[in-house]
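Letter by letter, the chains look like this.
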Amino acid sequence: MTTEHLYEFLILSKLRSYSQAARELFISQSILTRHIQEMERELQAQLFVRTTHGVTLTQAGRLFAARTEALLEDCARATHQFSDDIPAAGRGQLRIACSLEISYADHIRLFVSRFMERSHDVQLTFDVIPDSMPAELLSRYDIVISPCRYLDLPMGVRSQLIHSHSTYAIIPAGHRLMGHSVLSIRSLEDETILVPYADELFGPYAQNWQAIERVLGGRVRCRPVKNATSAIALTVMGQGILIGPRYLRNLLPSVNSSSTVCIGISDRICRFPEYIYCPAYLENGTAHVFYEEFVGEFL
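Let me begin by describing the structure that accompanies this report. Since the structure is predicted, the reported quantities are computational estimates derived from the model, not experimental observations.

1. Some words on the sheet that holds strand β3 (residues 93-99)
Here is step 1: The strand order β4-β3-β5-β13-β6 describes an open sheet built from five strands, whose pairing is mixed. Taken across any chain shown, the strands that pair with only one partner, and hence form the sheet edges, are β4 (123-129) and β6 (157-166). Averaged over all neighbouring strand pairs, the angle between strand axes comes to 15°, with direction disregarded.
Here is step 2: As paired elements, β3 and strand β5 (residues 143-146) share three bridges and run parallel to each other. Paired with I96 across the strands is I143, a residue of β5.
Here is step 3: Contacts from helix α8 (residues 285-298) reach β3, β5, β6 and β13 (271-279), with the element oriented near 35° to β6.

2. Section: the pattern of salt bridges
Here is step 1: The full count for this structure, using the stated rule, is eight salt bridges.
Here is step 2: Note that R109 is salt-bridged to D106, the shortest N-O span being 2.6 Å. Here R109 and its partner D106 are both found in helix α5 (residues 106-118), three residues apart, which amounts to about one turn of the helix.
Here is step 3: Its relative accessible area of 42% is what places R109 among the partly exposed residues.

3. Digging into the pairing of strand β1 (residues 48-51)
Here is step 1: Judged from the four bridges that link them, β1 and strand β2 (residues 54-57) form a sheet pairing that is antiparallel. Within β2, the residue paired with T51 across the bridge is G54.

4. Side note on the environment of A169
Here is step 1: With respect to the helices, strands and loops of the structure, A169 is situated in strand β7 (residues 168-172).
Here is step 2: Filtering out sequence-adjacent residues up to four positions away, A169 remains in contact with L183, I241, L242, I243, V261, C262, I263 and I265.

The rules behind each value
- Residues numbered from 1 in each chain as written.
- Predicted model: local features only at pLDDT ≥ 70, side-chain atom pairs only at ≥ 80, totals over all residues.
- Heavy atoms only, no water.
- Pairing = 2+ DSSP bridges.
- Helix = DSSP H or I, 4+ residues; strand = E, 2+ residues; numbered from the N terminus.
- Axes fitted to C-alpha atoms, helices over the stretch in contact; angles between N-to-C directions.
- Contact = heavy atoms within 4.5 Å.
- Salt bridge = Lys/Arg side-chain N within 4 Å of Asp/Glu carboxyl O.
- Buried < 20%, exposed > 50% of the residue type's maximum accessible area, 1.4 Å probe, protein only.

This is the structure we're talking about:
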């Protein structure tokens, strides 16, 4: 049980509404519900009772709320006193490299924002990498968040697969496939697939292209392009189809753009993963805390 979950419980106990508490905490209602259920299982006690008008605290919940508030006050006091004792030169830095596509994922941005709210002394460098994500980034950053699975990691680099998303086809308006609610790989026969970073065999675009090629053989065309931004521009101009994560739509000229359509791919062999990497040999406690909390949050 984390102090963050305790804080979520305390906010819910005061507002007595899951929807209001979720808005206050900048998280989804489903995540808040899951965290409360996990706390109840750990405590082996029911903390809230849902009613048509919201939620009410049980007797155990009222007792726990009183103790939680005191505990969080003690934690805040201890943190403040500890921060005052740390020389300014000893305070942490956190250097994060994130791929362009993943930087648009809401869960990534929310986690980093909430981590920094708890880590006032940390100086954050958050670099969005618009082109390829080579493994060499691990020598320049404390944390790398990438869709690439690096095969030959340096000794001592910690890594974890966080998500493996379904993929979507971004197609130009007026395309023959735009009337479909979902697409299969076989429906892409005779199409031109735009493949960013096609030479990076450890990257998701190249791997998804290989999966499509295995299914369709020579009945589909590959067009290598420099990066995802270039692929989107070509898609808008009707030069091909881009296969990628759904949040890639955020790179379009407008979220409500009528120039493209985003349709899900049903075949599970096409995936878009999210990996986090942290060189364990770095003497940066902030980076290791970020890594542990990040993995703990999403796994």
